[in-house]
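Coordinates in review
One letter stands for each residue in the lines below.
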Amino acid sequence: MVTLEDVARHAGVSLATASRVLNGSTRRVGATLHERVERAAAELGYATNLPAQTLARGASNVIGLVVHDLTDPYFAAIADGAMSAADRHGLVVMVGTTRRDPEREIGYVSALRAQRVRAIVLAGSRLADPAATRRLGDELARYRDAGGRIACIGQDLLGANTVAPANREGAAALARALAGLGHTRFAILAGPPELITAADRAEGFAAALDGLGLPAPLIVPGGFDRDSGYSAAAEIVGTDVSCLFAVNDVMAVGALAALRDQGVNVPLDLSVAGFDDIATLRDLNPALTTVRLPLTRMGEQALELALGDSATAEVENVAGEVILRASTREI
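Residues numbered from 1 in each chain as written. Predicted model: local features only at pLDDT ≥ 70, side-chain atom pairs only at ≥ 80, totals over all residues. Heavy atoms only, no water.

Examining the pairing of strand 6 (residues 186–191)
Burial analysis of strand 6 places six of its six residues in the buried class, which makes it a mostly covered element. Burial of the side chains of strand 6 extends over both faces: Phe186, Ile188 and Ala190 are buried on one face and Ala187, Leu189 and Gly191 on the other. For strand 6 and strand 8 (residues 243–246), the ladder comprises four bridges, and the chain directions are parallel. Bridged to isoleucine 188 within strand 8 is phenylalanine 245. Pairing between strand 6 and strand 7 (residues 218–221): four bridges, direction parallel. In the strand pairing of strand 7, glycine 191 is matched with proline 221. Read as a crossover between parallel neighbours, the route from strand 6 over helix 9 (residues 196–211) to strand 7 is right-handed. (Buried < 20%, exposed > 50% of the residue type's maximum accessible area, 1.4 Å probe, protein only. Helix = DSSP H or I, 4+ residues; strand = E, 2+ residues; numbered from the N terminus. Pairing = 2+ DSSP bridges. Right-handed = clockwise from strand over helix to strand, strands pointing away.)

See the structure below:
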């Protein structure tokens with residue numbers, strides 16, 4: 001691997017001079033030396049080190065990305081998109097995870113504001129907690145007043161640039177598609193009721209069934225992760241339900257595992273659907289019916305909004321696409 005020291009030696013300059021040229025220091029280098037260093041770097045195939053540039057330039061080269069759970073493939077895909085967009089702008093992304101704790105989220109924003117990062121991207125559902133939303137909004141306002149830029153992925157509740165997935169509409173479209181397969185008796189693994197994304201998806205699905213004149217679904221609350229999906233699926237076995245909708249894919253994956261362990265054949269005995277179309281579904285058998293969101297693109301969109309210069313907050317609505325796969329069948 002070619003090092004900065006190699007470039008400095010090849011150009012006949014000091015290490016400090018090479019670093020100023022290649023790592024983006026604000027200290028100026030004469031045109032002749034600047035050209036000599038760049039030529040040496042090109043001849044040796046030296047790759048610029050973005051973290052080193054960050055140290056040289058300061059926090060103005062940093063984007064703060066705050067997500068609920070980086071182990072969740074939903075947020076991993078969003079983070080990948082945001083980082084790809086940041087790379088194109090020569091920026092570095094600093095990631096923090098809240099574990100869906102609103103106080104941790106507020107704490108992250110406060111810390112990023114103190115570091116004067118260039119922009120903050122918040123990814124994840126808001127909670128049905130007006131007091132927490134207000135405190136977060138106040139913290140973001142202090143950051144914005146100091147010149148910071150903000151973008152959110154989720155509900156448009158913070159007065160900031162927002163990438164807003166159509167959760168309610170996507171779930172309704174899925175309900176209609178599953179009803180079109182002949183299903184009339186549904187259950188919903190609804191997730192935590194205080195999580196607005198989970199509530200919107202469950203309510204959108206149930207409202208669509210009501211609009212079709214179908215019975216109200218069996219609602220099973222729980223967490224928003226694989227293990228809660230596994231536990232909740234046990235409550236469906238032995239009922240007259242023919243189709244199970246989990247409000248996110250990781251819960252659906254847990255439900256499929258539980259049904260397999262209990263000898264329930266999917267989809268012959270019970271159809272299963274999720275929401276998000278996370279990348280790990282590629283290896284799932286049977287392939288999961290779901291609502292596809294362009295997660296990586298959503299991360300890119302949010303980063304671009306955060307870097308934009310619009311004087312007013314913009315909202316980019318993102319539609320979901322129903323994807324019917326082998327986990328659901330016509331009856």
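So that's the structure; there's more coming.
Points about the packing of aromatic side chains
A full pass over the atoms with the stated rule returns three aromatic pairs. On the basis of an interplanar angle of 80 degrees and a centroid distance of 5.0 Å, the ring pair of tyrosine 74 and phenylalanine 75 is categorised as edge-to-face. Residue classification places tyrosine 74 among the buried residues on the basis of a relative accessible area of 12%. For phenylalanine 75, a relative accessible area of 3% puts it in the buried group. Ring centres 5.5 Å apart and planes at 75 degrees place the aromatic pair phenylalanine 186 and phenylalanine 205 in the edge-to-face group. Note that phenylalanine 186 is positioned in strand 6 and phenylalanine 205 in helix 9, a separation of 19 residues in sequence. Of the two residues examined, phenylalanine 186 and phenylalanine 205, each falls in the buried class. (Phe/Tyr/Trp six-rings, centres within 6.5 Å; stacked < 30°, edge-to-face > 60°.)

A closer look at helix 8 (residues 167–180)
Compared with an ideal rise of 1.5 Å per residue, which puts 14 residues at 20 Å, helix 8 spans 20 Å between its outermost C-alpha atoms and is within 8% of the ideal. Listing the buried residues of helix 8 in full gives Asn167, Gly170, Ala171, Ala172, Leu174, Ala175, Leu178 and Ala179. (Expected span 1.5 Å × (residues − 1).)

Points about the pairing of strand 3 (residues 119–123)
Among the five residues of strand 3, five are classified as buried, and the element is accordingly described as predominantly covered. With five bridges connecting them, strand 3 and strand 4 (residues 149–153) associate as parallel partners. Each bridged residue has a counterpart across the sheet, and for alanine 123 the counterpart in strand 4 is isoleucine 153. In this view, the connection linking strand 3 to its parallel neighbour strand 4 by way of helix 7 (residues 130–145) has right-handed handedness.

A closer look at a nonpolar patch on the surface
A cluster of nonpolar residues, Leu70, Met83 and Val95, forms a patch on the protein surface that exposes about 200 Å² of accessible area. Residue placement: leucine 70 occurs in the loop between strand 1 (62–67) and helix 5 (73–88). (Patch = residues over 30% accessible without salt bridge, like charges linked within 9 Å, V, L, I, M, F, W, Y side chains within 5 Å. Areas by Shrake-Rupley, 256 points an atom, 1.4 Å probe, with all protein chains shown as cover. Salt bridge = Lys/Arg side-chain N within 4 Å of Asp/Glu carboxyl O.)

Description of helix 3 (residues 31–44)
Over its 14 residues, helix 3 extends 20 Å from the first C-alpha to the last, a length consistent with the 20 Å expected when each residue adds 1.5 Å. Looking at helix 3, one finds that the buried residues are Val37, Ala40 and Ala41. Angularly, the buried residues of helix 3 cover 100 degrees about the axis, an arc narrow enough to put them on a single face. In helix 3, the exposed positions that point more than 90 degrees away from the buried face belong to Ala31, Thr32, Ala42 and Glu43. (Arc of directions from axis to C-beta.)

Here we look at the environment of asparagine 317
Turning to its location among the elements, asparagine 317 is positioned in strand 11 (residues 315–318). Under the relative-accessibility criterion, asparagine 317 is labelled exposed at 65%.

Quick look at the pattern of salt bridges
Close approach of charged atoms allows side chains of opposite charge to pair. Inspection of every chain in the model, using the stated rule, returns 18 salt bridges. Note that arginine 39 is salt-bridged to glutamate 35, the shortest N-O span being 3.7 Å. Placement of both arginine 39 and glutamate 35 in helix 3 is noted, with a separation of four residues, approximately one turn of the helix. When the shortest N-O distance is used, the salt bridge between glutamate 105 and arginine 126 registers 2.8 Å. Of this pair, glutamate 105 sits in helix 6 (residues 102–114) while arginine 126 sits in the loop between strand 3 and helix 7, and the two are 21 residues apart along the sequence.

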